[in-house]
Amino acid sequence: MASGTLVRSFGTAVLAAVVVVSPATAVAAPAPPPAPGDAAGLLSELQRLYQQAEEATESYNGTAAELKKRAARAKKLDAALVTARRSLADGRDAAGRLAREQYQGRSELSAYLRLLLMRDPEAALTQGQVIQRLAAGRAAAVRRLGAAEKRADELARESRKVLAEQRTLTARKKKERDTVRTRLKQVEAMLARLSPDQLADVNGLQRANTDRAQSALAGALSSSRPPTAQGGAAVRYAVRQIGKPYVWGAEGPDAFDCSGLTSRAWASAGRVIPRTSQEQWRQLTRVPMNALRPGDLVVYFPKATHVALYLGNGLVVQAPRPGSRVKVSPVASNPVLGAVRPDPAGTPLASYQGPELPKGATDGSDEGYGSAAAPAS
């Protein structure tokens, strides 16, 4: 049995033994492998490494999302700064004209002097009102110049701040990418150390764990609830992506990572949700597992580092991990943390028929982490 066909998915029985290390923490040397006959220990160690890789993946995705926001903000600031500088230039031109008129004796002061020498009081009154209006207009021009200078200075400062944030995020993204590469190489190294018999034992234990976890959820998932119109649209989008490869940080249309698939599915249905699984878990409305309806998101692992979209009938569609493809799996294919609902205020459809799954939708395994699948840059 080749190492590339190791584990179909992760169950919950050995979750308590998993120790998660933050991607920001220095990477320790891999621990010695468990004893050859210790399938549970082997599975636990693999889960630990997989979780570290997935946690680093979501940290990388979160940084990439923040970097995208900063880039959009920088673009808006640049456009606003161009407008502010143009306004400032216009104001300075107006101020220059005022200065020249003052120097050449054509200012309001000269006009007032002439007004004092006029013999016709009525004409003097009329001209005085005109002069007041001119003076008010020029005072306003001076105020606009001051406001334009202040606005340009503020935008320039904010632009420099956003640029500094972009540089910091870019450096963090590179560090997180390197962390993921290290995690994936650790997984590869462990797989390379396992014999065919060990792989078979781990694979069998994994199937048994998943079956038990799925059976434990069977009662909670027994009832069928229709989705909202948006939830149904998200499901149809996700099903159409079955068979496409998992790629780091991908949001479609040709490839996806786990949260890239769920966020894009809901975006296609007209609802924007957070980009990463951790933010989806943190920001969206949580629902109990016995209230799941199609379109809800099932979140996995203690730190919410994996997510899938619920199809109904105890199944999810997910982008499992590098080396795999978008597929349909049992809802308990990974250790379940809980579920969230992107459209809690939506009205469920009166009736619902889920989309037909393509041939081979459940084929394939969920394993396949390899350092070659890590982001290149």
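Preceding this paragraph is the structure being described.
Predicted, not measured: the structure shown is a model, and the values here were computed from it.

Visitor: Looking at this structure, how should I read the nonpolar core?
Guide: In summary, soluble globular proteins display a tendency toward joint burial of nonpolar side chains. Membership of the largest hydrophobic core comes to 28 residues, with the highest contact counts inside it found for Ile242, Trp266, Leu297, Leu309, Leu311, Val317 and Val326. Looking at this core, the elements with two or more residues in it are α5 (229-240), α6 (258-268), β2 (297-300) and β3 (306-312). Per-element tally for this core: the top contributor is α5, with 5 residues. With near-sequence residues (within four places) excluded, Val317 lies in contact with Ala238, Ile242, Leu261, Ala308, Leu309, Leu311, Val326, Lys327 and Val328. Ala213, Met289, Leu292 and Tyr310 belong to the second largest nonpolar core, which has 15 residues in total.

Visitor: Before we go on, may I ask you to explain the side chain of Ser263 in this structure?
Guide: Relative to the helices and strands, Ser263 resides in helix α6. A polar contact of 2.8 Å, which involves the side chain of Ser263, links it to the backbone oxygen of Ser259. A distance of 3.3 Å separates the side chain of Ser263 from the backbone oxygen of Gly260, its partner in a polar contact. Discounting residues that sit within four places of it in the chain, Ser263 has contacts with Ile273, Pro274, Arg275 and Gln280.

Visitor: Explain the pattern of salt bridges to me, please; I cannot follow it from the model alone.
Guide: It is possible for side chains of opposite charge to pair when their charged atoms get near one another. One pass over the full model with this rule turns up 6 salt bridges. Between Glu251 and Lys68 there is a salt bridge whose closest N-O contact spans 3.1 Å. With Glu251 in the loop between α5 and α6 and Lys68 in helix α1 (residues 39-103), this residue pair connects regions lying 183 residues apart in the sequence. Residue Glu251 is classed as partly exposed on the basis of its relative accessible area of 22%. Glu251 serves as the salt-bridge partner of Arg275, at 3.5 Å between the closest nitrogen and oxygen. Taken together, the positions of Arg275 in the loop between α6 and α7 (277-283) and Glu251 in the loop between α5 and α6 put the pair 24 residues apart, joining distant regions of the chain. Residues participating in the shared-partner salt-bridge network are Lys68, Glu251, Asp257 and Arg275.

Reading the values: the criteria
Residues numbered from 1 in each chain as written. Predicted model: local features only at pLDDT ≥ 70, side-chain atom pairs only at ≥ 80, totals over all residues. Heavy atoms only, no water. Core = buried A, V, L, I, M, F, W, Y, C linked by side-chain atoms within 4.5 Å. Buried < 20%, exposed > 50% of the residue type's maximum accessible area, 1.4 Å probe, protein only. Helix = DSSP H or I, 4+ residues; strand = E, 2+ residues; numbered from the N terminus. Contact = heavy atoms within 4.5 Å. Polar contact = N/O pair within 3.5 Å; in protein donor to acceptor, adjacent residues only side chain to side chain. Salt bridge = Lys/Arg side-chain N within 4 Å of Asp/Glu carboxyl O.

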